[in-house]
Amino acid sequence: MTVSSRQAHHLQLAHNSIQQALNWFASKRRHWNYPPNTELQNAVRSEIQALKAALGKIEEPVIRIATFGLVSRGKSAVINALVGQKVLTTGPLHGVTQWPQSIRWTSGDKVQIELIDTPGLDEIAGEARTQMAQEVAYQADLILFIIAGDITRTEFDALCDLKKSRKPLLLVFNKIDLYPDQDRDSIFQQLQDLGKNYQQLPIFSADEIIGVSAEPPSIPVRLEYGNRPAEETWETPPPQIDNLRQKILDILNQEGRSLLALNALIQTQKAEEAIAEKTVNIRQVEAEQIIWKYAQYKALAVAMNPIGLLDIAGGIIADLFLIRALARLYGLPITSFEAGKLWQQIVIGTGGLLLSELGSSLLLGFNKTGYFWESAGSFTSYASAAFLQAGIAGYSAYRVGQAAKVYLANGCSWGPLGASTAIAAILDDLDPQTFMYRILRPD
């Protein structure tokens with residue numbers, strides 16, 4: 001498969017996954033026969049908008065590159081140098097950039113790029129601006145973290161926070177003309193040392209640290225004209241930005257659409273998980289009622305059933321119906337086959353409880369059957385075995401219901417076309433030598 005066809009496949013996979021999620025979670029019928037819950041509909045409105053935005057990212061592919069860093073590191077200057085003209089204000093004062101600004105960058109080929117400039121992460125009202133930066137990072141496809149000189153602890157902490165966004169990052173060392181003793185390898189070593197000191201893994205490989213001089217200061221130039229007196233003037237050297245520009249274009253040409261697909265799917269994954277969490281919290285009372293109802297039904301059925309072998313099959317069926325009932329209440333997509341797989345996971349997750357139930361069904365069930373058919377005088381023994389077995393069955397159903405709430409919320413994006421499934425498929429299909437694989441692949 002060629003690079004182009006692989007990227008097209010990733011983009012189509014993401015489109016199908018996000019479209020399915022939007023169709024499901026935006027549908028008023030996803031809760032089956034349960035009446036609409038106004039509180040829940042209002043609570044998940046922002047997540048539905050996030051799903052629409054993720055779909056728009058796929059249907060109108062524009063790579064968004066955001067710059068981050070502390071004040072006076074040259075974020076705006078880097079964007080100006082990439083674009084080739086001074087479109088953003090720069091200056092010696094802190095906090096020249098007050099709000100995120102974006103401009104389009106025509107790179108000379110089919111890739112559409114939007115460059116986003118952000119305020120300094122340590123500027124006044126930093127908490128609000130940090131939140132703003134996180135929101136921009138959520139929308140960005142690639143992050144340029146701008147530094148100048150030694151990396152401070154504040155910058156390292158910011159890098160760690162941005163790493164949590166699961167977005168590819170390039171570390172851009174600006175003003176290299178002012179720091180001749182600093183080079184890419186020494187910065188990489190500094191990152192490794194910081195990572196060891198603060199028990200963080202290194203964030204970058206050496207070739208992901210790019211040195212630039214986005215806005216070199218003017219330098220004095222002596223002009224001599226034959227017999228005329230020498231003159232002095234000031235000249236501004238051209239920006240040293242070619243390495244960064246080429247690195248960005250190489251990434252986007254080789255991986256751009258796959259990068260878009262992954263970032264849109266990550267956005268979808270977060271939205272789905274947030275919807276599931278809010279749904280579980282808001283429908284807590286109704287879920288508990290369903291769990292207790294099925295626990296009672298299961299206990300009663302096991303107690304009344306005189307045939308021991310049917311207790312095992314009946315108990316499993318009751319648990320599966322409980323899982324389906326919770327999924328319908330929450331409005332989370334699940335099929336009978338997936339409910340069966342979920343039940344197997346819950347058996348493992350709840351330890352030996354359900355296994356002990358199966359053992360009790362075999363032991364007490366056969367005893368119960370024998371007591372039932374032996375004689376009328378054995379009713380007391382039958383009732384004792386049935387009561388004990390019913391208690392175990394009812395409690396196990398309750399535990400299954402509680403575990404199912406967690407599994408349903410955590411596994412809402414793991415269906416056949418779920419966002420988590422699509423992300424895993426794309427990561428498995430990536431070339432291990434690509435930039436995205438090194439950055440996004442889970443350890």
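No experiment lies behind these values; they were computed from the predicted model shown.

**Student:** Would you take a moment to explain the overall build of the protein for this structure?
**Tutor:** Secondary structure assignment for the protein yields 15 helices and eight strands. By the burial criterion, 48% of the 443 residues in the protein qualify as buried. Once local pairs closer than 6 in sequence are excluded, the contacts in the protein between residues at least 24 apart make up 75%. Only carbon and sulfur atoms are counted for the fraction: they give 56% of the accessible area of the protein, which is about 22300 Å².

**Student:** Please explain the nonpolar core as it appears in this structure.
**Tutor:** General note: in soluble globular proteins, nonpolar side chains tend to be found buried as a group. I65, L82, L144, L244, I248 and L326 are the most contacted members of the largest nonpolar core, which has 76 residues in total. The element that contributes the greatest number of residues to this core is helix α8 (residues 242-282), accounting for 16 residues. If we skip the residues at most four places from it in the chain, L82 touches W105, L115, L144, I241, L244, R245 and I248.

**Student:** Explain the confidence of the model for the protein here, please?
**Tutor:** As a note on interpretation, predicted positions should not be read in detail where pLDDT is low. Predicted confidence across the protein gives a mean pLDDT of 77, with 75% of residues reaching 70 or more. Low confidence marks residues 349-353, where pLDDT is under 50. Its contacts with residues over four positions away, or in another chain, come to six contacts.

**Student:** Please explain the pattern of salt bridges as it appears in this structure.
**Tutor:** Between side chains of opposite charge, pairing is possible as soon as their charged atoms come close. For the structure on display, the rule yields nine salt bridges. In this structure, K405 engages E288 in a salt bridge whose closest nitrogen and oxygen atoms are separated by 2.9 Å. Highlighted residues: K405 in helix α13 (residues 379-410) and E288 in helix α9 (residues 284-304), separated in sequence by 117 residues. According to the relative accessible area criterion, K405 is buried, its value standing at 7%.

**Student:** Would you take a moment to explain the packing of aromatic side chains for this structure?
**Tutor:** The geometry of an aromatic ring pair comes down to the distance between the two centres and the angle between the two planes. The full count for this structure, using the stated rule, is two aromatic pairs. Between W292 and Y398, the ring centres sit 4.9 Å apart and the planes meet at 35°, which makes this aromatic pair tilted. You can see W292 sitting in helix α9 and its partner Y398 sitting in helix α13, a full 106 residues away along the chain. Look at Y294 and Y297: their rings are 6.4 Å apart centre to centre, the planes differ by 65°, and that puts the pair in the edge-to-face class.

**Student:** Honestly, the side chain of R73 in this entry has me stumped. Any pointers?
**Tutor:** When you line up the elements, R73 lands in the loop between β1 (63-68) and α4 (75-83). From its side chain, R73 meets the backbone oxygen of V71 in a polar contact 3.1 Å long. A polar contact is formed between the side chain of R73 and the side chain of E155, at a distance of 3.2 Å.

**Student:** Looking at this model, I keep getting lost on the pairing of strand β3 (residues 112-117). Mind explaining?
**Tutor:** Of all the six residues making up β3, five are buried; the element is thus mostly covered by neighbouring parts of the structure. Pairing geometry for β1 and β3, over four bridges, is parallel. Each bridged residue has a counterpart across the sheet, and for A66 the counterpart in β3 is I116.

**Student:** Honestly, α4 in this entry has me stumped. Any pointers?
**Tutor:** At 3.6 residues per turn, the α-helix brings residues three or four places apart onto the same side. With eight of its nine residues buried, α4 lies for the most part within the structure. If you check which residues of α4 are buried, you get K75, S76, A77, V78, I79, N80, A81 and L82. Of the residues one or two after α4, G84 is the one with positive phi, at around 95°.

**Student:** Where do I start with the side chain of N37 in this structure?
**Tutor:** Its place among the elements puts N37 in the loop between α1 (3-25) and α2 (38-43). A distance of 3.1 Å separates the side chain of N37 from the backbone nitrogen of E39, its partner in a polar contact. Not counting the four nearest positions on each side in its chain, N37 is found in contact with I282, R283 and E286.

**Student:** What's the story with the packing of α1 against α8 in this structure? I'm lost.
**Tutor:** Angle between the axes and distance between the axes are the two parameters that describe a pair of packed helices. One can describe the packing of α1 onto α8 by two numbers: an axis separation of 9 Å at closest approach and a directional angle of 20°. The pairing of α1 with α8 is recorded here as roughly parallel in orientation. Relative to α8, the crossing made by α1 is left-handed. Considered class by class, the residues forming the contact of α1 with α8 number 13 nonpolar, nine polar and three charged.

**Student:** Explanation requested: unusual backbone geometry in the structure shown.
**Tutor:** When glycine is set aside, most residues are seen to have a negative phi, and most peptide bonds are trans. Phi at S72 takes a positive value of approximately 65°, unusual for a residue other than glycine. Along the polypeptide, S72 turns up in the loop between β1 and α4. When its relative accessible area of 32% is taken as the criterion, S72 is described as partly exposed. In this structure, K175 takes a positive phi of about 65° despite not being glycine. Structurally, K175 is set in the loop between β5 (169-173) and α7 (184-197). On the basis of relative accessible area, K175 is assigned to the partly exposed category, the value being 27%.

**Student:** Sorry if this is basic, but what is going on with the environment of I219 here?
**Tutor:** Mapped onto the fold, I219 is located in strand β7 (residues 219-225). Judged by its relative accessible area of 42%, I219 falls in the partly exposed class. Taking the C-alpha atoms as reference points, I219 and E235, 16 residues apart in sequence, are found 5.5 Å from one another. The contact partners of I219, leaving out residues within four places of it in the chain, are T233, W234, E235 and P237.

**Student:** What is the right way to read the packing of helix α3 (residues 45-59) against α8 from this model?
**Tutor:** With their axes 9 Å apart at the nearest point, α3 and α8 run at an angle of 165° to one another. Put simply, α3 runs roughly antiparallel to α8. Seen from above, α3 lies across α8 with left-handed handedness. Counted together, S46, E47, I48, A50, L51, A53, A54, K57 and I58 of α3 and L260, A261, A264, Q267, T268, A271, A274, I275 and K278 of α8 form the full contact between these two elements. Taken together, the residues that form the contact of α3 with α8 break down as twelve nonpolar, three polar and three charged.

**Student:** I keep staring at the environment of A148 and nothing clicks. Help me out?
**Tutor:** Mapped onto the elements, A148 comes out in the loop between β4 (142-147) and α6 (153-163). Taking C-alpha positions, A148 is 9.7 Å from V212, a pair spaced 64 residues apart along the chain. Apart from the residues within four sequence positions on either side, A148 is in contact with R73, F173, N174, K175 and Y179.

Reading guide: rules and limits
Residues numbered from 1 in each chain as written. Predicted model: local features only at pLDDT ≥ 70, side-chain atom pairs only at ≥ 80, totals over all residues. Heavy atoms only, no water. Helix = DSSP H or I, 4+ residues; strand = E, 2+ residues; numbered from the N terminus. Buried < 20%, exposed > 50% of the residue type's maximum accessible area, 1.4 Å probe, protein only. Contact = heavy atoms within 4.5 Å. Areas by Shrake-Rupley, 256 points an atom, 1.4 Å probe, with all protein chains shown as cover. Core = buried A, V, L, I, M, F, W, Y, C linked by side-chain atoms within 4.5 Å. pLDDT = per-residue confidence, 0-100. Salt bridge = Lys/Arg side-chain N within 4 Å of Asp/Glu carboxyl O. Phe/Tyr/Trp six-rings, centres within 6.5 Å; stacked < 30°, edge-to-face > 60°. Polar contact = N/O pair within 3.5 Å; in protein donor to acceptor, adjacent residues only side chain to side chain. Pairing = 2+ DSSP bridges. Axes fitted to C-alpha atoms, helices over the stretch in contact; angles between N-to-C directions. Parallel < 35°, antiparallel > 145°, perpendicular 65-115°, else oblique. Left-handed = near helix turned anticlockwise from the far one by under 90°. Nonpolar A, V, L, I, M, F, W, Y, C, P; charged D, E, K, R; others polar.

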